[in-house]
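One-letter residues, chain by chain:
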Amino acid sequence: EAGVAQSPRYKIIEKRQSVAFWCNPISGHATLYWYQQILGQGPKLLIQFQNNGVVDDSQLPKDRFSAERLKGVDSTLKIQPAKLEDSAVYLCASSYRTGGSGNTIYFGEGSWLTVV
Amino acid sequence: EDQVTQSPEALRLQEGESSSLNCSYTVSGLRGLFWYRQDPGKGPEFLFTLYSAGEEKEKERLKATLTKKESFLHITAPKPEDSATYLCAVRRVASGTYKYIFGTGTRLKVLA
C-alpha cells in the first residue's frame with residue numbers, strides 16, 4: 001500500500017516569497033492533516049480536513065497560510081508571504097477517519113522549507 | 001491545559017544498555033496514546049497505540065506501557081539502528097472531534 005506522498009521534499013525561498021506544498025494521502029483515508037514541525041519540537045497541527053471540509057484550523061496563521069482539499073483527496077498548503085520563522089518541516093498525514101479505536105495517523109516524509 | 005511532556009530530551013546509551021523513555025500527560029478525555037519513531041529527514045513512523053491503563057504493546061526490542069498519568073517506552077538491549085527521535089502523542093475529544101497533542105520527543109543515540 002502506498003504511503004502519504006508529499007512534494008517538493010525541499011524548498012529554499014526568500015522572505016516575502018510564496019511557496020506551495022502538495023500532499024496525496026493514503027488511498028481511502030478521509031482525514032488529512034497538515035502539521036508544522038520546527039527543529040527540536042514536536043509536530044503542531046495547522047489544519048485538519050475531513051473529506052473536503054475543514055475540521056480544525058484554529059492554529060493556522062490565516063493571514064499568510066492557506067490550504068485546500070477540493071476533491072476530498074489531495075491537498076495543497078500555501079504560504080504567502082513567507083517569513084523567516086516559517087522555516088520548518090511541513091508534514092502531511094492521513095487517517096482512515098478522525099477517531100475511534102484502531103484509527104492511526106500516518107505521516108509523509110515531509111517538505112522541508114528554509115526561508116532566507 | 002493539555003500538556004504532553006517527554007523526558008529525557010536526549011539519551012545516549014551503549015549498545016545493549018537497556019533504558020526507558022517517559023511520556024507524561026495532562027489531558028482530559030484521553031482517547032489513546034501513540035508512540036512514533038522519527039529518523040532524521042523523515043516523517044514520524046507509527047509504532048504503538050495504547051488505550052487504557054495497564055495496557056502493554058511490544059515490537060522487537062521496544063515495549064510500551066500506559067498508566068493513568070504516563071507512558072513508558074522501554075528499550076531492551078538497544079542497537080545502533082534504534083537511534084532516532086521518539087515522539088509520543090495523546091488523542092482527546094474536543095468540540096466533537098479528535099485532537100492530537102504531540103510531545104517534543106526524546107532523541108536517542110545508541111553507540112556501538
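Going by the structure above, here's the rest.
As a starting point, this report considers the structure included with it. Here the structure is a predicted model, which means the values were calculated and not measured.

Here is what the cut-offs are and how they apply
- Residues numbered from 1 in each chain as written.
- Chains lettered and ligands numbered in written order.
- Predicted model: local features only at pLDDT ≥ 70, side-chain atom pairs only at ≥ 80, totals over all residues.
- Heavy atoms only, no water.
- Helix = DSSP H or I, 4+ residues; strand = E, 2+ residues; numbered from the N terminus.
- Rg over C-alpha atoms; globule rule 2.2 N^0.38 Å.
- Buried < 20%, exposed > 50% of the residue type's maximum accessible area, 1.4 Å probe, protein only.
- Contact = heavy atoms within 4.5 Å.
- Areas by Shrake-Rupley, 256 points an atom, 1.4 Å probe, with all protein chains shown as cover.
- Salt bridge = Lys/Arg side-chain N within 4 Å of Asp/Glu carboxyl O.
- Polar contact = N/O pair within 3.5 Å; in protein donor to acceptor, adjacent residues only side chain to side chain.
- Nonpolar A, V, L, I, M, F, W, Y, C, P; charged D, E, K, R; others polar.

**Quick notes on the overall build of chain B**
For step 1, the next point in the chain: The secondary structure content of chain B amounts to 0 helices and 11 strands.
For step 2, the next point in the chain: If you list the helices and strands of chain B from N to C, you get β-β-β-β-β-β-β-β-β-β-β.
For step 3, the next point in the chain: Taken over the C-alpha trace, chain B has a radius of gyration of 14 Å; the compact-globule value for 112 residues is 13 Å, and the two agree within 12%.
For step 4, the next point in the chain: The principal-axis extent of the C-alpha atoms belonging to chain B is close to 50 × 30 × 20 Å.
For step 5, the next point in the chain: Here chain B holds 112 residues, and the buried ones make up 46% of them.
For step 6, the next point in the chain: The contacts of chain B with a sequence gap of at least 6 include a subset with a gap of at least 24, amounting to 55%.
For step 7, the next point in the chain: With an accessible surface of roughly 5,500 Å², chain B has 47% of that area assigned to carbon and sulfur atoms.

**Details of the interface of chain B and chain A**
For step 1, the next point in the chain: Across the boundary between the two partners, chain B contributes 19 residues, which contact 25 residues of chain A.
For step 2, the next point in the chain: The interface formed by chain B and chain A holds 1 salt bridge in total.
For step 3, the next point in the chain: Note that Lys99 of chain B and Asp56 of chain A form a salt bridge whose closest N and O atoms lie 2.2 Å from each other.
For step 4, the next point in the chain: At the boundary of chain B with chain A, the tally comes to 4 residue pairs in polar contact (both at pLDDT 80 or more).
For step 5, the next point in the chain: At the level of secondary structure, the elements contributing two or more residues to the side of chain B that touches chain A comprise strand 4 (30–38), strand 5 (45–50), strand 9 (84–94) and strand 10 (97–102) of chain B.
For step 6, the next point in the chain: Element by element, the count of residues in the side of chain B that touches chain A is highest for strand 10 of chain B, at 5 residues.
For step 7, the next point in the chain: Residue composition of the side of chain B that touches chain A, by class: 9 nonpolar, 7 polar and 3 charged.

**Some remarks on the side chain of Thr31 of chain A**
Residues and elements named next belong to chain A.
For step 1, the next point in the chain: Residue placement: Thr31 occurs in strand 4 (residues 31–37).
For step 2, the next point in the chain: Classification of Thr31 by relative accessible area gives buried; the value is 0%.
For step 3, the next point in the chain: Reaching out from Thr31, the side chain makes a polar contact with the side chain of Gln50 at a distance of 2.5 Å.

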